[in-house]
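Listed below, chain by chain, are the residues.
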Amino acid sequence: MAGVSSCMKYSMFVFNFLFWIIGCIILGISIWMRVSKNIQEEFKTDSSLLSAVNLLIAVGSIIMVLGFLGCCGAMKESQCMLLLFFIGLLMILLLQIVAGILGAVYKSQIEGVVNETLEKEIDVLNIASSNDKNTLEGFRQMEIKYKCCGKLKGKTDWGKNLQPSYGCVCDPTDIGTSYCVENLYKQTCATAIMEMFKKNMIIVMGVAFGLAFIEIVGMVFSMTLYCQIQIK
């Protein structure tokens, strides 16, 4: 009977060892970000950062576990570990496919959700008094961050709280750029956020396709080795 291919065995080990290292790096960096005092300050102003770091911790942990199963399964020629490794990668691949389908189906609703959220924030701004420094400064920081004017309708979103130092005035570092016209940001924050989302979606799709390719290669390696062990 044919034995287990040494080339396949050690290729599987190297592949999963690199996979495991990547998981360790992701987990280590994300845990450091989670406990860092400086980054904790950022979490207070943007809760989405906290969610992203928590997701990275989960991803790093899963990659580490799968890498360990793949390495041990290859070196010990364990069908059980190889099968668990295969199932793990298959589940991740299926989740990516489902996420991609849901993203395509609900893509048209994303802009509506963004606009609805911004409308609620505008209402909060309009009822804020001049003493509500946190609300006014938060709105201003959003304009600087996304290089935009107002949220949906431009300067009018400021209502009675419109001030010379606020109300779409460009940050000094943005003067002279394409975002700034006559010292005012020209696009609304809703437009800026949607453009940023679309650009990031292209990056996310590229990463997803890259991960899918790696996952398929890992699945092929593991199942080939599994079958070789079976007929050994």
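Definitions and cut-offs
Residues numbered from 1 in each chain as written. Predicted model: local features only at pLDDT ≥ 70, side-chain atom pairs only at ≥ 80, totals over all residues. Heavy atoms only, no water. Helix = DSSP H or I, 4+ residues; strand = E, 2+ residues; numbered from the N terminus. Buried < 20%, exposed > 50% of the residue type's maximum accessible area, 1.4 Å probe, protein only. Contact = heavy atoms within 4.5 Å. Disulfide = S-S within 2.5 Å. Phe/Tyr/Trp six-rings, centres within 6.5 Å; stacked < 30°, edge-to-face > 60°. Lys NZ or Arg CZ within 6 Å of the ring centre and 35° of its normal. Salt bridge = Lys/Arg side-chain N within 4 Å of Asp/Glu carboxyl O. Core = buried A, V, L, I, M, F, W, Y, C linked by side-chain atoms within 4.5 Å. Patch = residues over 30% accessible without salt bridge, like charges linked within 9 Å, V, L, I, M, F, W, Y side chains within 5 Å. Areas by Shrake-Rupley, 256 points an atom, 1.4 Å probe, with all protein chains shown as cover. Axes fitted to C-alpha atoms, helices over the stretch in contact; angles between N-to-C directions. Left-handed = near helix turned anticlockwise from the far one by under 90°. Nonpolar A, V, L, I, M, F, W, Y, C, P; charged D, E, K, R; others polar.

**Student:** Please explain the overall build of the protein chain as it appears in this structure.
**Tutor:** Of regular secondary structure, the protein chain possesses seven helices and two strands. Sequence-ordered secondary structure for the protein chain, helices as α and strands as β, is α-α-α-α-α-α-β-β-α. Considering the protein chain as a whole, with its 232 residues, one finds that 33% of them fall into the buried category. Within the protein chain, residue pairs in contact and separated by at least 24 positions form 69% of the contacts whose partners lie at least 6 positions apart.

**Student:** What's the story with the state of the cysteines in this structure? I'm lost.
**Tutor:** Joining two cysteines, a disulfide is a covalent bond between their sulfur atoms. The tally for this structure, following the rule as stated, stands at two disulfides. The residue that forms a disulfide with cysteine 148 is cysteine 189, at a sulfur-sulfur distance of 1.9 Å. The S-S bond linking cysteine 148 to cysteine 189 shows a torsion near 75 degrees; that makes this disulfide right-handed. Of this pair, cysteine 148 sits in the loop between α6 (133-146) and β1 (180-181) while cysteine 189 sits in helix α7 (residues 189-230), and the two are 41 residues apart along the sequence. An identical accessibility class is assigned to cysteine 148 and cysteine 189; each is buried.

**Student:** Just to check I follow, could you spell out the side chain of serine 222 for this structure?
**Tutor:** Along the chain, the position of serine 222 falls in helix α7. In this view, serine 222 contacts Met12, Leu82, Phe85 and Phe86; residues no more than four positions away in its chain are not counted.

**Student:** Whenever I open this one, the packing of aromatic side chains confuses me. Can you help?
**Tutor:** The description of an aromatic ring pair uses the distance of the two centres, along with the angle that the planes make with each other. Per the stated rule, a full pass over the model turns up four aromatic pairs. Geometrically, the ring pair formed by phenylalanine 13 and phenylalanine 17 is stacked, given 6.1 Å between the ring centres and 10 degrees between the ring planes. With a gap of four residues between them, phenylalanine 13 and phenylalanine 17 both fall in helix α1 (residues 6-35), about one helical turn apart. Considering the side-chain rings of phenylalanine 17 and tryptophan 20, the 6.1 Å spacing of their centres and the 25 degrees angle between planes classify their relative orientation as stacked. Here phenylalanine 17 and its partner tryptophan 20 are both found in helix α1, three residues apart, which amounts to about one turn of the helix. Between the NZ or CZ atom of lysine 9 and the centre of the ring of tyrosine 10, over which it lies, the distance is 6.0 Å.

**Student:** Just to check I follow, could you spell out unusual backbone geometry for this structure?
**Tutor:** Most peptide bonds are trans, and most residues other than glycine sit at a negative phi. One non-glycine residue, glutamate 77, lies in the positive phi region at around 55 degrees. Even without a glycine there, the phi angle at lysine 147 is positive, about 50 degrees. What makes lysine 147 partly exposed here is its relative accessible area of 23%.

**Student:** Could you clarify how one ought to interpret the pattern of salt bridges in this entry?
**Tutor:** Close approach of charged atoms lets side chains of opposite charge pair. With the rule as written, the count across this model stands at one salt bridge. Note that lysine 9 is salt-bridged to glutamate 77, the shortest N-O span being 3.2 Å. Of the two residues, lysine 9 is situated in helix α1 and glutamate 77 in the loop between α3 (47-75) and α4 (79-105); the sequence distance between them amounts to 68 residues. Its relative accessible area of 14% is what places lysine 9 among the buried residues.

**Student:** In this structure, what is going on with the nonpolar core? I would like to understand it.
**Tutor:** Met12, Leu82, Phe85, Leu89 and Leu225 are the most contacted members of the largest nonpolar core, which totals 18 residues. Breaking this core down by element, the ones donating at least two residues are α1, α3, α4 and α7. Excluding residues within four positions of it along the chain, phenylalanine 85 makes contact with Met12, Phe15, Asn16, Leu66, Leu69, Gly70, Gly218 and Ser222.

**Student:** Would you explain the environment of cysteine 149 in this entry?
**Tutor:** You can see cysteine 149 is positioned in the loop between α6 and β1. With relative accessibility at 8%, the residue cysteine 149 sits in the buried group. As for cysteine 149 and threonine 188, which are separated by 39 residues in sequence, their C-alpha atoms are 4.7 Å apart. When sequence neighbours within four positions are dropped, the list of residues in contact with cysteine 149 reads Glu143, Gly154, Lys155, Cys168, Tyr185, Gln187, Thr188 and Cys189.

**Student:** Explain a nonpolar patch on the surface to me, please; I cannot follow it from the model alone.
**Tutor:** Judged by side-chain polarity, Leu83, Ile87, Leu90, Met91, Leu94, Ile97, Ile101 and Val105 come together as a nonpolar surface patch covering roughly 680 Å² of accessible area. Position of methionine 91 among the secondary structure elements: in helix α4.

**Student:** Could you clarify how one ought to interpret the packing of α1 against α7 in this entry?
**Tutor:** When two helices pack together, their arrangement is captured by the angle between the axes and the distance separating the axes. Interaxial distance between α1 and α7 falls to 10 Å at its minimum, and their mutual angle equals 140 degrees. Read as a crossing pair, α1 and α7 show a hand that is left-handed. Every residue of α7 that contacts α1 at Met8, Lys9, Ser11, Met12, Phe15 and Phe19 is listed here: Ile214, Val217, Gly218, Phe221, Ser222, Thr224, Leu225 and Gln228. Looking at the contact of α1 with α7 residue by residue, the classes come out as eight nonpolar, five polar and one charged.

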